[in-house]
Amino acid sequence: MVSTPPSQASESQYEVTDPQIKVEALVEEAQPGSDIDLEFLYTRDIEFRQETIYFIVVDRFYDGDPDNSAGPNPELYDPEQQDWGKYWGGDIQGIIDKLDYLKNMGITALWLTPLFEQVEALFVEQAAIHGYWTKDFKRINPRFISKDEEPSLNKTQTTRDTVFDRLIDELHKRNMKMVLDIVCNHSNPDFSGKKGELYDDGVKIADFNDDPHNWYHHYGEVTDWENEWQVQNCELSGLATFNENNPDYRNYIKSAIKQWLDRGVDALRVDTVKHMPIWFWQEFNADILTHKPDVFIFGEWIYSDPRNDRSVEFANESGMTILDFGLCVAIRAALAKGAEGGFHLMQDVLNLDHHYYGATELITFIDNHDMPRFQSLNPDPEMLRVAIAFIMTCRGIPCIYYGTEQYLHNDTNGGDDPYNRPMMEKWDTDAQIYRDIRLLSGLRRLNPAVSMGSHWQKYLTPDIYCYVRRYRDSVLFVAMNRGETVTLETVATDLPDGEHTDVLSRRKFEVKDGNLYNLELGTRDVIVLSHVGERVKAQTIVRAQLNNVQTQPGEIVAVIGDCPELGNWDISKAYRLEYINTNTWFGEIPFNESAGKLIAYKYVLLREGTSPLRENLVCRRWVIASEGTVKWRDKWASGRES
């Protein structure tokens with residue numbers, strides 16, 4: 001029996017290097033007589049929780065190649081950068097030119113708005129500068145590449161020396177990852193009678209207005225946003241909506257995305273996921289992960305929330321994680337809008353983390369291209385600093401919207417779309433937020449408590465928030481203040497006694513009996529104290545995650561199995577996992593003697609004062625890689641008393 005989808009990645013501890021695993025060599029090491037499909041089991045998985053993502057609207061970042069700016073239709077380009085609906089010249093070469101700026105800020109992954117070829121016309125005075133009105137999913141927007149790479153002259157998919165390939169190479173040279181933004185729900189709206197004209201590397205294959213093979217839904221626009229059928233089958237703002245029941249469409253979109261993965265893309269951000277049924281995403285992700293098991297995928301379920309059962313189900317069962325809109329809304333209310341509940345609003349969301357199977361993999365953010373920037377709501381740079389410090393130290397994977405580190409914002413019309421997409425203006429490496437992100441990004445990769453640990457509230461008022469992140473012996477203590485200067489008499493930190501240095505300010509703090517006494521927090525102040533414990537080291541490390549167990553205080557989840565590392569079925573020697581929340585237990589299990597071998601295992605619930613509760617199944621089986629890091633993602637099977 002195989003557990004939930006197997007996955008594994010080779011990496012050095014907390015620094016992904018991802019060497020190719022040689023299946024043929026590992027097959028020889030497996031136990032003889034096994035009928036398990038080793039080609040299936042020997043897949044890899046990327047560890048993304050220690051990354052810091054930077055989200056770029058490509059057209060508005062930097063113009064590295066002025067020769068491509070006019071594009072196929074010069075009327076859609078505004079060299080004066082005054083018409084917000086037109087292209088302003090940013091391109092892929094511009095991103096390459098600024099990679100060192102981003103690398104030095106601590107950015108480890110770049111999420112770029114869609115690079116695909118777009119329709120070249122205006123729709124409601126708006127060109128497709130955002131990249132979400134795709135014409136051809138197998139070609140790059142000619143405005144983003146050099147003129148001699150124009151698709152009609154040199155097919156995108158047969159050339160491997162384009163500016164896109166150079167971007168991938170330059171990112172990987174810097175140990176940075178590429179996140180490609182994709183749209184599976186729709187193509188383009190009606191441009192002068194043309195709607196949904198779709199191409200396969202230059203060859204027209206579908207047309208909304210001439211659709212005998214049903215590539216599109218034809219149900220009109222959504223009129224009732226509470227009607228799930230309408231949301232999944234009707235049009236979003238007049239966009240031609242794909243018919244996911246058509247296997248030709250599904251084969252086309254999957255083949256297109258696979259081609260970009262083959263070019264070196266490391267992760268996918270998927271647009272408008274709530275507008276397609278979950279079965280489509282399960283099939284899509286299954287095929288994509290079979291093609292490239294080490295790709296990380298996250299989706300945009302607009303205004304997802306842990307109190308929204310449908311968005312939670314999607315995050316848990318679709319095969320991808322999601323952008324954490326619930327926490328974003330709470331951060332903006334507490335810190336940008338000054339809501340009376342303050343930090344309580346943020347903690348209220350974190351208190352519901354047990355709804356998710358993978359709360360530590362949710363993508364956290366404070367603003368994006370579809371909402372006013374944080375500083376359009378609150379221009380105070382110190383409050384922005386508090387918000388950034390929070391997403392850099394709380395659970396989840398932080399995503400910074402381009403220019404935030406330079407306080408970039410335009411408040412026209414309240415800063416809403418399109419004024420939340422100004423041209424990048426400054427590249428000051430001495431800016432306070434730039435420096436903070438650099439320091440905290442380094443901390444995320446150094447201290448496993450930040451990327452993988454649990455979150456514990458220690459002191460909470462509307463204006464003051466102190467919390468601890470904890471994993472094994474590693475601890476991170478954070479204190480932040482949205483109000484005026486205050487002194488806290490006693491705050492528990494979980495840190496070892498002694499002197500600790502604030503990561504951001506280099507101030508010294510003395511911990512006694514695990515507490516800070518008379519802690520002074522200045523106006524809009526942030527303090528970050530870190531202690532890194534002993535890390536798990538082994539030939540092979542299994543990162544085991546168990547969900548659906550619903551533990552009670554005093555209960556502990558452990559792993560037992562038929563190998564020395566798991567106690568050889570001796571429950572007293574079972575490997576204990578770490579508590580993340582009541583629905584999630586996680587731990588890194590070191591394998592040396594059993595590396596490269598087939599093992600059997602199951603989970604057990606250790607309960608004080610009563611018999612252990614074992615899973616009610618024979619066992620789970622896995623072939624442990626001979627080296628590197630493996631992930632198990634399992635759900636608790638109903639238990640049996642010992």
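Up top you'll find the structure we're talking about.
Residue indices begin from 1 for each chain and proceed along its sequence in written order. Reporting in this predicted model follows two pLDDT cut-offs: at least 70 for local features of residues, and 80 or more for side-chain atom pairs to be given and counted; totals over whole chains, interfaces and linings ignore these cut-offs and use all residues. Side-chain figures throughout are based on the complete set of non-hydrogen atoms in the structure, without hydrogens or water.

K.L.:
How should I be thinking about the overall build of the chain in this particular structure?
P.N.:
Helices and strands together make up the secondary structure of the chain, namely 15 helices and 31 strands. Computation of the radius of gyration draws on C-alpha atoms, with the globule rule given as 2.2 Å multiplied by the number of residues to the power 0.38. Against the globule reference of 26 Å for 642 residues, the chain gives a C-alpha radius of gyration of 25 Å, in line with a compact fold. A principal-axis box enclosing the C-alpha atoms of the chain has dimensions of 75 × 70 × 45 Å. Any two residues having at least one pair of non-hydrogen atoms within 4.5 Å are treated as being in contact. Taking contacts inside the chain between residues at least 6 apart in sequence as the whole, the part at least 24 apart equals 72%. Surface accessibility follows the Shrake-Rupley procedure with a 1.4 Å probe radius. Residue values consider only the protein chains on display as shielding. If you sum the accessible surface of the chain, you get close to 23900 Å²; carbon and sulfur atoms cover 46% of it. For the purpose of charge, His is not counted, nor are the chain termini; Lys and Arg are scored as positive and Asp and Glu as negative. Taken as the charge centre is NZ of Lys, CZ of Arg, CG of Asp or CD of Glu, depending on the residue. Side-chain charges in the chain split into 66 positive and 102 negative, and the spacing between the mean points of these groups amounts to 4 Å. Each helix is a run of DSSP H or I of at least 4 residues and each strand a run of E of at least 2, with the numbering of both proceeding from the N terminus.

K.L.:
For this particular structure, what's the right way to read the sheet that holds strand E11 (residues 321-322)?
P.N.:
Sheet strands line up and pair through hydrogen bonds in the backbone, either parallel or antiparallel. Judged by pairing direction, the sheet is parallel, and its eight strands sit side by side in the order E11-E10-E9-E6-E3-E2-E13-E12 without closing on themselves. Sheet topology places E11 and strand E12 (363-364) at the edges, where each strand pairs with a single neighbour. Helix axes are fitted only over the stretch in contact, all axes being lines through C-alpha atoms; the angle between N-to-C directions runs from 0 to 180 degrees. Most of the contacts of helix H5 (residues 163-173) go to strand E6 (residues 177-182), to which it runs at about 140 degrees, and overall it touches strand E3 (109-112) and E6. We call two strands paired when DSSP finds no fewer than two bridges between them.

K.L.:
Would you mind showing me how to read a negative patch on the surface here?
P.N.:
Like charges within 9 Å and nonpolar side chains (Val, Leu, Ile, Met, Phe, Trp, Tyr) within 5 Å are joined into patches, using only residues over 30% in relative accessible area that form no salt bridge. For this analysis, a salt bridge means a side-chain nitrogen from Lys or Arg found within 4 Å of a carboxyl oxygen belonging to Asp or Glu. A cluster of acidic residues, Asp497, Glu499, Glu510 and Asp513, forms a negative patch at the surface. Take Asp497: it is sitting in the loop between strand E17 (486-492) and strand E18 (498-501).

K.L.:
Before we go on, may I ask you to explain the state of the cysteines in this structure?
P.N.:
In this description, the term disulfide denotes a pair of cysteine sulfurs within 2.5 Å. One pass over the structure, following the stated rule, counts zero disulfides. Not part of a disulfide, Cys466 finds its nearest cysteine sulfur in Cys394, a span of 15 Å.

K.L.:
When you look at the side chain of His500 in this model, what are you seeing that I'm missing?
P.N.:
Turning to its location among the elements, His500 is positioned in strand E18. The definition of a polar contact used here is a pair of N or O atoms within 3.5 Å, where within protein one atom must be able to donate a hydrogen and the other to accept one, and adjacent residues in sequence count solely through side-chain atom pairs. Among the polar contacts listed, one links the side chain of His500 to the backbone oxygen of Pro496, at a separation of 2.7 Å. Ignoring sequence-local partners within four residues, the contact set of His500 consists of Leu495, Arg507, Lys508, Phe509, Val511, Leu529 and Ser530.

K.L.:
What am I meant to see in the packing of helix H7 (residues 247-262) against helix H8 (residues 278-291) here?
P.N.:
It is at 10 Å that the axes of H7 and H8 come closest, and there the two elements cross at 35 degrees. Every pair of crossing elements has a handedness; the one defined by H7 and H8 is right-handed. Mapping the contact onto sequence places Tyr249, Arg250, Ile253, Lys254, Ile257, Lys258, Leu261 and Asp262 in H7 and Trp279, Phe280, Glu283, Phe284, Asp287, Ile288 and His291 in H8. Residue classes follow a fixed rule: Ala, Val, Leu, Ile, Met, Phe, Trp, Tyr, Cys and Pro count as nonpolar, while Asp, Glu, Lys and Arg count as charged, and any other residue, Gly among them, counts as polar. A class-by-class count of the residues in the contact of H7 with H8 yields eight nonpolar, one polar and six charged. By definition, any crossing whose near helix is turned counterclockwise from its far helix by less than a right angle is left-handed, and any crossing with a clockwise turn is right-handed.

K.L.:
Please explain the nonpolar core as it appears in this structure.
P.N.:
Here, nonpolar core refers to any group of buried Ala, Val, Leu, Ile, Met, Phe, Trp, Tyr and Cys residues whose side-chain atoms link them within 4.5 Å. Between buried and exposed lies partly exposed: a residue is buried under 20% and exposed over 50% of the maximum accessible area for its type, with that area taken using a 1.4 Å probe on protein chains only. One finds Tyr54, Leu102, Leu110 and Phe390 to be the most contacted residues of the largest nonpolar core, which totals 137 residues. With nine residues, the single largest contributor to this core is helix H13 (residues 381-393). Formed by 26 residues, the second largest nonpolar core is a distinct cluster that contains Val559, Phe591, Trp622 and Ala625.

K.L.:
So what exactly am I meant to see when it comes to the pairing of E3 here?
P.N.:
Consecutive residues of a regular strand have side chains that alternate between opposite faces of the sheet. Because side chains alternate across E3, one face comprises the buried residues Ala109 and Trp111, and the other comprises Leu110 and Leu112, equally buried. Here strand E2 (residues 53-56) pairs with E3 via four bridges, running parallel. Bridge pairing links Phe55 to Trp111 in E3. The sheet contact formed by E3 and E6 spans four bridges and is parallel. Note on E6: the bridge partner recorded for Trp111 is Val179.

K.L.:
Just to check I follow, could you spell out the packing of aromatic side chains for this structure?
P.N.:
Pairs of aromatic rings are described using the distance from one ring centre to the other and the angle between the two planes. Two rings from Phe, Tyr or Trp (for Trp, the six-membered ring) form a pair when their centres are within 6.5 Å of each other. A pair whose planes differ by under 30 degrees is stacked, one over 60 is edge-to-face, and the rest are tilted. Inspection of the entire model under this criterion finds 47 aromatic pairs. On the numbers, 6.1 Å between centres and 80 degrees between planes, the contact of Phe137 with Tyr252 is edge-to-face. Taken together, the positions of Phe137 in strand E5 (residues 134-140) and Tyr252 in helix H7 put the pair 115 residues apart, joining distant regions of the chain. Using a relative accessible area of 4% as the deciding quantity, one classes Tyr252 as buried. Note on geometry: a ring has a charge over it if NZ (lysine) or CZ (arginine) is within 6 Å of the ring centre and within 35 degrees of the ring normal. Its guanidinium or amino end placed over the ring of Tyr62, Lys98 lies 4.6 Å from that ring's centre, counting from NZ or CZ. Over the ring of Tyr402 we find Arg373, and its NZ or CZ is 4.7 Å from the ring centre.

K.L.:
Please clarify how the sheet that holds strand E15 (residues 464-471) should be interpreted in this entry.
P.N.:
Taken together, four strands build an open sheet; the order of strands is E14-E15-E16-E21 and the sheet is antiparallel. Of all strands in the sheet, those with a lone pairing partner are strand E14 (454-460) and strand E21 (526-531), marking the two edges. Each adjacent strand pair in this sheet contributes to an overall mean axis angle of 15 degrees, direction not counted. Sheet analysis places E15 next to strand E16 (residues 474-481), joined by eight bridges and oriented antiparallel. What sits directly across from Cys466, in E16, is Ala479. With respect to the sheet, H13 is in contact with E15, E16 and E21, its orientation differing from that of E16 by roughly 160 degrees.

K.L.:
What am I meant to see in the environment of Thr412 here?
P.N.:
Looking at where Thr412 falls in the secondary structure, it is placed in the loop between strand E13 (397-401) and helix H14 (432-446). Between the C-alpha atom of Thr412 and that of His500, which follows or precedes it by 88 residues, the distance is 44 Å. Within polar-contact distance, the side chain of Thr412 engages the side chain of Asn410 at 2.6 Å.

So far we have only geometry, and geometry alone does not tell us how the molecule works.
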